[in-house]
Amino acid sequence: HFFMQMVEAKVWDQTAFNHQASHILFAELKDSEGNDKMHLLKEKRISTTLSFPEYTDKYPHHKYTLGFSGRPGGPAFYINTDNNGEFHGPGGQKDHALLEEADPCFGTVIEGQHVVDWMQLKTETGHTDDTVIDSIRIIG
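For clarity, every value in this text was computed on a predicted model and none was experimentally measured.

S.K.: In this structure, what is going on with the nonpolar core? I would like to understand it.
M.R.: Burial of nonpolar side chains together is a common tendency in soluble globular proteins. Ranked by internal contacts, the top residues of the largest apolar core, which has 25 residues, are Phe3, Met6, Val11, Trp12, Phe17, Phe77 and Ile79. Look past the residues within four positions of Met6 in its chain and what remains in contact with it is Val11, Trp12, Leu41, Ile46, Phe68 and Pro75.

Below, the structure is given as structure tokens:
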């Protein structure tokens, strides 16, 4: 619900994916110039984080799934470009107080996986330029 509210409000439009990590593509709520866009959530009356970090082992961090970053989570999210249960599942984030917590995993890229692969290839070949999201839409 949280992510879909943000998509409907178009807060992710003109946002950049960061290519600094080899196992995820990371999207912060910043524009392509690095300017913070958190004010959009407040303007559109959308919460700035999840209420709590909900995770289930029935929906693990597999390749092409989406996860919320941080505690309790959001609005920053990432696309897993590998099976990342070890890193983002329970106990994977050693810097958090409760080791049994995990990053919430909430969606899967169904169409356009070749675009995710292309973006990840940029990371693997040393291109650290951000990739700008023109728009995100829910299809289905």
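S.K.: Just to check I follow, could you spell out the pairing of strand S4 (residues 77-80) for this structure?
M.R.: Consecutive side chains of a regular strand alternate in pointing toward one face of the sheet and then the other. Burial of S4 is two-sided: the residues Phe77 and Ile79 facing one way and the residues Tyr78 and Asn80 facing the other way are all buried. Alignment of strand S2 (residues 24-31) against S4, held across four bridges, turns out to be antiparallel. Along S4, the bridge assignment pairs Ile24 with Asn80. Bridge analysis of strand S3 (residues 65-68) against S4 gives three bridges, and the strand direction is antiparallel. Of the residues in S4, the one forming a bridge with Leu66 is Ile79.

S.K.: Just to check I follow, could you spell out the sheet that holds S2 for this structure?
M.R.: Strands in a sheet are paired, the pairing made by backbone hydrogen bonds, and the direction either parallel or antiparallel. Sheet architecture is open: six strands sit in the order S5-S3-S4-S2-S1-S6, paired in antiparallel fashion. The outermost strands of the open sheet, each flanked by one partner alone, are strand S5 (105-108) and strand S6 (131-133). Within this sheet the neighbouring strands show an average axis-to-axis angle of 30°, counted without direction. Where helix H4 (residues 113-124) meets the sheet, its contacts fall on strand S1 (15-18), S2, S4 and S6, and the angle it forms with S2 comes to roughly 90°.

About the criteria used
Residues numbered from 1 in each chain as written. Predicted model: local features only at pLDDT ≥ 70, side-chain atom pairs only at ≥ 80, totals over all residues. Heavy atoms only, no water. Core = buried A, V, L, I, M, F, W, Y, C linked by side-chain atoms within 4.5 Å. Buried < 20%, exposed > 50% of the residue type's maximum accessible area, 1.4 Å probe, protein only. Contact = heavy atoms within 4.5 Å. Helix = DSSP H or I, 4+ residues; strand = E, 2+ residues; numbered from the N terminus. Pairing = 2+ DSSP bridges. Axes fitted to C-alpha atoms, helices over the stretch in contact; angles between N-to-C directions.

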